[in-house]
Every structure is written in C-alpha cells, then in structure tokens.
Amino acid sequence: MELGGEMEHFTTEKWIDFVNQVVTANENQLMEKHLKQGCKRCEKTVSLWQRIRQSAVAEEKYQPPEEIVRLAKAAFAGAGLTTPRKAKESRIKVLFDSFLQPVFAGARSAGTGTRQMLYRADPFQIDVQIEAKSSGNRLVVTGQLMDLSNPAIVSRDVRVALSNLRGNVTHAVTNQFGEFSTEVENTGDLQITFDSPGDKPIVISLRDALGRLPGARG
C-alpha cells in the first residue's frame, strides 16, 4: 500500500463502483490514473472485486433444483430462523465482508486468500483488508478510516493496535490519507483496536480471520 506521496486515494466503495462501471467518466479517468501510478493496495482491491464480478457473471444464471430449495426452506423454518431475532444494537456494523456476502448477485465465492471488510463504527467508516504474507507465518493488515460526518474527510493520526490474541501486538498510526498498514504473527485470530476521540476504543475481533465468520464488539 502506498502510504506517502500526493496521490488521491479512493474508498473501497468507490472501487466497487469502478469495477461495476457505475462511476462518472471523470471519476473513471482519475481512478485509472491512480492505478497507473502504482498504488499496490488499490491494485489488490480492484483485482479482488474483478474476480468477484467475474464469478457473478459466470453464476448469475445458476438455479438450484426446486427440491433442494424446498428442503432448505423447510430446514430454515424448522430451525426457527425465519423471524429475525432482536439483538442489542451494536456500535459496530459490518457493511461488507468478502467472506460472507459478495456484493455482486450470484457470486458465492471469491476464491482468494484475501479478506476485504467494510465497517461502520461512529465516528468512522473503516475499510480493512487482511492478507496472508507470501513468506513467513504472518498476516498483513491494511486499511483506511474516513469521517462519517463528512466522507470527503479522512481520519489521520488515529492510533491502531493489532493483536493476534497470543501476546503479539503491533501498532500503527493512520497517515494523511487515513490509511494504516501493519502485520502480525498469524495465529488465526485477530483483534484490531482503533482509538476513538472522546469515546471508548473501537474493537473488531476476528476468529479465524482468513477462515471463518467475524465477530465484532464495540
């Protein structure tokens, strides 16, 4: 990820729109220029969403057999899951998780070792990407924070702590683009803590960060 220079950076949501070809002509030109300038983190983000979109195109016509659908609905109803349960309002909301719900209809699996997540946690919108390092047993975590009250404003100088819940903790601070990058020994689990101005820290806990579903607490 590029953490310096004068390049204009874009949010994950913008890159999703870029891949889905719904940005304006001017935005498309700026984003193409940004990629040509060599931002590695954005290149990875675009590559991930391109694979998701390609998967969606290949699978959008897929229709499971009616009997399988009927059995699944019966099992779903029998488990008492047809009516959503009321849950305590959480400060942290998962807006997107590439391991859970691809944004493009029909895509069931991105088939990558990278996990992209988007959270809303007042006062921030938090974009997080987790990737296993090619050499050594480590996870690389990169991300970007933006001010919810004004999407055009990034959140700089925010302290970030990354823990593998086995005693290994690393620290980072968001730069002028609201970006951070750090890595930690891979034990499977992660806890990411963000300092929050005038409030309790924001804590995102992930069990089996590149394998199973996330749980977050705030």
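Cut-off values and rules
- Residues numbered from 1 in each chain as written.
- Predicted model: local features only at pLDDT ≥ 70, side-chain atom pairs only at ≥ 80, totals over all residues.
- Heavy atoms only, no water.
- Buried < 20%, exposed > 50% of the residue type's maximum accessible area, 1.4 Å probe, protein only.
- Helix = DSSP H or I, 4+ residues; strand = E, 2+ residues; numbered from the N terminus.
- Arc of directions from axis to C-beta.
- Axes fitted to C-alpha atoms, helices over the stretch in contact; angles between N-to-C directions.
- Parallel < 35°, antiparallel > 145°, perpendicular 65-115°, else oblique.
- Contact = heavy atoms within 4.5 Å.
- Nonpolar A, V, L, I, M, F, W, Y, C, P; charged D, E, K, R; others polar.
- Salt bridge = Lys/Arg side-chain N within 4 Å of Asp/Glu carboxyl O.

Draft legend 1. Local environment of helix H1 (residues 12–19). Taken together, the buried positions of H1 are occupied by Thr12, Trp15, Ile16, Phe18 and Val19. One face of H1 carries all of its buried residues, which in axial projection span an arc of 160 degrees. Just past H1, the residue Gln21 takes up positive phi, approximately 60 degrees.

Draft legend 2. Geometry of the packing of H1 against helix H2 (residues 25–36). One way to put it is that H1 packs onto H2 with a least axis distance of 11 Å and a crossing angle of 105 degrees. With respect to H2, the axis of H1 lies roughly perpendicular. Contacts between H1 and H2 involve Lys14, Trp15 and Phe18 from the former and Glu27, Asn28, Met31, Glu32, His34 and Leu35 from the latter. Here the contact of H1 with H2 is composed, by residue class, of 4 nonpolar, 2 polar and 3 charged.

Draft legend 3. Representation of the pattern of salt bridges within the structure. On inspection of all chains with the given rule, the structure shows 8 salt bridges. Among the ionic pairs, Arg159 bridges to Asp195, the shortest N-O distance being 2.6 Å. Of the two residues, Arg159 is situated in strand S5 (residues 159–163) and Asp195 in the loop between strand S8 (190–194) and strand S9 (202–206); the sequence distance between them amounts to 36 residues. Asp195 gets classed as partly exposed once you look at its relative accessible area, which sits at 28%.

Draft legend 4. Region of interest: the side chain of Gln125. Looking at the secondary structure, you find Gln125 in strand S3 (residues 124–132). With relative accessibility at 11%, the residue Gln125 sits in the buried group. Filtering out sequence-adjacent residues up to four positions away, Gln125 remains in contact with Glu13, Leu95, Leu118, Tyr119, Arg120, Gln144, Leu145, Met146 and Leu148.

Draft legend 5. Quick peek at unusual backbone geometry. Here the residue pair Asp122 and Pro123 is connected by a cis peptide bond, since its omega of 10 degrees sits within 30 degrees of zero. The backbone phi angle of Leu165 is positive, close to 60 degrees, even though this residue is not glycine. Among the secondary structure elements, Leu165 is positioned in the loop between S5 and strand S6 (169–173). Judged by its relative accessible area of 30%, Leu165 is partly exposed. Look at Asp208: it is not a glycine, yet its phi comes out positive at around 50 degrees. Inspection of the secondary structure assignment puts Asp208 in the loop between S9 and strand S10 (215–217). The partly exposed category is assigned to Asp208, whose relative accessible area is 29%.

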